[in-house]
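# Structural description and commentary
Chain residues, written in single-letter form:
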Protein chains: 2
Amino acid sequence: MNAEIISIGDELLIGQTVNTNASWMGQEMSRIGVDVSRVTVISDKEDEIISALEGARDRVDLVLITGGLGPTRDDITKITIAKHFGTKLVENSEVLENVKNRLKARGKELNELNRRQALVPDRARVFMNNWGTAPGMWCDRDNKVVVSMPGVPTEMKGLMKEYVLPAIVEKFSPPVIIHRTILTTGVIEAELADLLKNFEDELPGEIKLAYLPSAPVIKLRLSARGKDRKKLETILDKQEDKLNKTIPDLVFGRETESMEQIVGDMLRKRNMTLSTAESCTGGNISHLITSVPGSSEYYVGSVVAYSNKIKINSLGVDAKVLDNQGAVSKEAVMQMAVGVKRQMETDFSIAVSGIAGPDGGTEDKPVGTVWIGIASERGAYAYRLSLGNDRAANIHMASVISLNLLRKSILKSD
Amino acid sequence: MNAEIISIGDELLIGQTVNTNASWMGQEMSRIGVDVSRVTVISDKEDEIISALEGARDRVDLVLITGGLGPTRDDITKITIAKHFGTKLVENSEVLENVKNRLKARGKELNELNRRQALVPDRARVFMNNWGTAPGMWCDRDNKVVVSMPGVPTEMKGLMKEYVLPAIVEKFSPPVIIHRTILTTGVIEAELADLLKNFEDELPGEIKLAYLPSAPVIKLRLSARGKDRKKLETILDKQEDKLNKTIPDLVFGRETESMEQIVGDMLRKRNMTLSTAESCTGGNISHLITSVPGSSEYYVGSVVAYSNKIKINSLGVDAKVLDNQGAVSKEAVMQMAVGVKRQMETDFSIAVSGIAGPDGGTEDKPVGTVWIGIASERGAYAYRLSLGNDRAANIHMASVISLNLLRKSILKSD
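About the thresholds
- Residues numbered from 1 in each chain as written.
- Chains lettered and ligands numbered in written order.
- Predicted model: local features only at pLDDT ≥ 70, side-chain atom pairs only at ≥ 80, totals over all residues.
- Heavy atoms only, no water.
- Least-squares fit on C-alpha atoms with pLDDT ≥ 70 in both.
- Contact = heavy atoms within 4.5 Å.
- Buried area = accessible area lost by both parts, 1.4 Å probe.
- Salt bridge = Lys/Arg side-chain N within 4 Å of Asp/Glu carboxyl O.
- Pairing = 2+ DSSP bridges.
- Helix = DSSP H or I, 4+ residues; strand = E, 2+ residues; numbered from the N terminus.
- 1 Å grid on protein atoms, 1.4 Å probe; cavity = no way out; pocket = protein on both sides within 12 Å on 5 of 7 lines; lining within 4 Å.
- Points joined across faces, edges and corners; volume = space filled by probe spheres on them.
- Nonpolar A, V, L, I, M, F, W, Y, C, P; charged D, E, K, R; others polar.
- Axes fitted to C-alpha atoms, helices over the stretch in contact; angles between N-to-C directions.
- Buried < 20%, exposed > 50% of the residue type's maximum accessible area, 1.4 Å probe, protein only.
- Polar contact = N/O pair within 3.5 Å; in protein donor to acceptor, adjacent residues only side chain to side chain.

With an axial shift of 0.1 Å and an RMSD of 0.2 Å, the rotation relating chain B to chain A amounts to 180°. Within this description, the copies of the chain are treated as partners about a two-fold rotation axis. A shared interface surface links the copies, since 99% of the contact residues of chain B are contact residues in chain A too.

Bringing the interface of chain B and chain A into the picture now. Taken together, the contacts link 83 residues of chain B with 83 residues of chain A. Here chain B packs against chain A, burying approximately 6,700 Å² in sum over the two surfaces, 52% of which is carbon and sulfur. Seen at the junction of chain B and chain A, the total is 5 salt bridges. The partner of A:K208 in a salt bridge is B:D10, and the shortest N-O contact between them spans 3.0 Å. Summarising the sheet, strand β14 (residues 299-305) of chain A and strand β14 (residues 299-305) of chain B pair through 5 bridges and their orientation is antiparallel. Counted as the bridge partner of A:V304 is B:S302 from β14(B).

Relative to the helices and strands, A:D201 is located in helix α9 (residues 197-201). Spatially, the C-alpha atoms of A:D201 and A:S223 are 15 Å apart, while their sequence positions differ by 22 residues.

Let's shift gears to empty space enclosed by the protein. Going through the model one piece at a time under the given rule, you end up with 3 cavities of 30 Å³ or more. There is about 130 Å³ of room inside the largest cavity. For the largest cavity, the lining is made up of 15 residues, of which A:N19, A:V41, B:N19, B:A22 and B:V41 are closest to its centre. Elements represented by at least two residues in the lining of the largest cavity include exactly α2 (20-31) and β2 (35-42) of chain A together with α2 (20-31) and β2 (35-42) of chain B. Of the residues assigned to the lining of the largest cavity, the class counts are 9 nonpolar, 6 polar and no charged.

This paragraph deals with the pairing of strand β10 (residues 207-214) of chain A. Residue and element names in this part refer to chain A. Taken together, the 8 bridges between β10 and strand β11 (residues 217-226) define a ladder with antiparallel strand orientation. Each bridged residue has a counterpart across the sheet, and for S214 the counterpart in β11 is V217. Taking the residues between adjacent antiparallel strands as the criterion, β10 and β11 are bridged by 2 residues.

Below, the discussion takes up the sheet that holds strand β12 (residues 251-254) of chain B. Residues and elements named next belong to chain B. Spatial ordering of the open sheet is given by β10-β11-β9-β12, a layout of 4 strands whose pairing is antiparallel. Because the sheet does not close on itself, it has two edges, and the strands there are β10 (207-214) and β12. On average, each strand axis in the sheet is inclined to that of its neighbour by 25°, with strand direction left out of account. Bridge analysis of strand β9 (residues 176-185) against β12 gives 3 bridges, and the strand direction is antiparallel. Each residue of the ladder has a partner; that of L183, found in β12, is G253.

Residue and element names in this part refer to chain A. Counting through the fold element by element, D140 comes out in strand β7 (residues 136-141). For D140, a relative accessible area of 35% corresponds to the partly exposed category. Put simply, D140 and D61 are 79 residues apart on the chain and 9.8 Å apart in space, counted from C-alpha to C-alpha. Excluding residues that lie within four positions of it along the chain, D140 makes contacts with V145 and K171. At a separation of 2.8 Å, a polar atom in the side chain of D140 contacts the side chain of K171.

Here it is as structure tokens:
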């Protein structure tokens with residue numbers, strides 16, 4: 001079955017907020033077998049909301065709306081939904097109690113703006129918001145359901161998990177759709193498509209393959225649709241296995257795993273530790289690693305050595321190497337890797353030094369030149385990247401590629 | 001004038017990719033005075049593309065389409081657009097040359113898949129893609145324009161900046177809309193709305209105020225629309241000034257500035273330097289600071305001390321403090337701040353230690369407890385935060401709040 005999402009908010013249209021809500025909702029809907037067939041982003045205007053709502057209700061049986069439920073004056077979703085359903089807003093005493101309690105916990109009093117949060121369309125099913133003040137609302141008319149939720153991500157996610165997703169499964173009993181995502185890195189999309197040409201030609205009819213590039217990673221998504229979940233799982237198992245065998249050097253993970261989770265799990269299982277020494281990545285590798293809960297079990301720390309003085313004093317890099325070969329050199333990253341590994345007494349270390357840009361490039365070492373060093377008990381080695389001109393992309397790519405090099409080193413050390 | 005964006009791709013609907021393209025395009029369109037009135041996200045299916053395209057062309061004169069132009073088999077946008085306009089695809093020799101050259105630079109040969117990139121709808125204006133292989137296409141029929149671009153962000157952005165935005169201004173001469181964004185932090189949305197009640201009541205009719213919260217920051221956006229740019233600028237200047245005077249302690253910047261840019265500029269202007277010592281933020285403060293080009297002028301480095309051993313050995317924190325008060329304590333962050341400032345010989349330092357979660361909380365120090373230390377020539381002080389249970393949000397909020405505390409310290413040091 002199909003559903004549509006309507007995201008309300010000028011801030012989304014003028015691009016001051018990225019619509020991460022819609023992607024999170026898309027993931028969750030797809031998990032319960034509902035296809036999101038369209039996401040429509042519109043502004044806080046009554047006619048826009050009504051036109052989008054009518055269009056969506058014509059096409060599908062389930063419409064999820066987020067946004068426009070805050071206490072401030074530009075938020076008009078609730079009134080418009082009530083108008084669309086030809087009903088009026090009534091004060092819900094349970095919601096009012098929740099609003100009062102939440103304000104009280106913060107030492108605040110109820111004001112006129114916050115009191116409005118307790119108004120809901122008459123006959124709507126109300127979902128209590130345990131993460132904020134605006135409730136979720138489920139309006140079922142002629143077996144077509146419209147759900148309205150606040151746009152604040154934590155509140156929307158709380159309402160979805162606790163109430164909306166279970167209510168959708170109960171009401172619609174959606175058919176089976178299963179996705180498998182295989183994570184690859186190492187080649188560009190066209191090369192990957194070439195390598196997978198035969199695999200694609202031989203795919204059974206009920207399976208679809210999609211390429212989802214986000215450099216340096218390309219996700220491959222196999223989708224199966226049908227009635228028999230068990231049968232689809234078996235077909236997908238076989239195809240996933242075949243895919244892994246077709247490009248074994250490129251596959252590093254699956255589903256929603258991240259490189260930092262995968263590397264972290266590998267270290268934890270082996271009871272091994274990691275430290276990092278970062279120059280051009282400026283702490284981003286450390287940030288990625290520590291974004292994983294429990295990373296303190298294997299991650300000891302980092303020296304972000306943005307200045308050469310710190311490279312010499314804190315990491316023991318030879319001043320002569322910095323003078324002769326420069327900070328962006330094979331010798332410098334090898335010394336940084338060895339230095340931080342020794343100082344932090346870890347099993348592995350990563351060191352990165354490069355020119356992230358947009359300035360600072362030379363003819364020999366243009367912007368995008370990055371050296372990565374990996375040290376382990378077996379010694380150190382270095383790897384050179386030639387990336388582009390985009391600072392943020394260079395930092396991201398150098399970080400992920402260095403974690404992938406570490407992953408390969410850990411595998412070799414077994 | 002209004003435009004719509006159509007983003008094509010299953011990966012957006014099932015949420016494996018976040019639609020950052022649409023928000024970037026929304027920002028750019030708004031800058032040239034075009035209102036994006038709707039963003040529609042649909043899948044790679046012919047009937048979906050045609051239905052969305054027809055709907056959009058009914059409502060507006062300009063439709064921007066991204067996605068579905070890659071060389072892989074699930075990409076059908078180009079064929080569908082040609083069909084919609086009742087025309088066929090023809091090979092463009094200039095594009096073919098570009099594809100060949102780009103492949104050659106990578107040491108690759110033209111294959112059948114890549115050759116398809118050179119096919120464009122007959123009579124379309126073609127924009128050369130200098131960042132990839134798929135060209136941009138501008139189809140003008142009955143004074144309604146449809147532009148198709150690849151979904152890869154760097155390619156779309158390159159095409160927009162170089163060709164599409166100038167072509168829109170030339171074709172449509174859009175009317176004047178001006179936004180001013182004022183960045184605040186320190187209170188929640190409802191409190192801010194209370195503080196700004198009078199300001200809002202007194203706003204002139206042509207000005208609209210919107211609240212755009214992304215904790216710990218709330219952006220306030222003033223929008224003015226009219227014909228006379230100069231007059232609107234004058235009104236906005238006055239209102240922005242009034243707003244700044246209403247909440248002087250909460251305003252920290254404007255427009256697209258980030259906290260890390262603002263703090264960086266303040267340090268650069270004063271010829272002062274910064275170092276950081278991070279525990280629970282795990283390198284994220286360092287990452288934010290170094291995401292700003294030129295940050296090496298004022299940023300020296302960081303010690304990410306994830307383990308207590310590193311706090312003692314690299315930062316000189318007293319082992320007794322860690323035993324008695326714990327790593328998440330006022331004493332520990334003050335010592336971390338003083339230690340890293342001394343070691344890296346900087347004018348200022350930030351230290352952060354806390355319990356990011358989801359585990360590791362105690363009754364005294366629940367998840368979300370974070371201590372921030374700031375050291376300067378005038379001594380050190382510490383500040384305690386009580387955040388929530390979300391690890392990523394805690395890391396982000398602690399990072400931004402610590403930079404804001406540094407900002408206040410720098411101002412006080414003048």
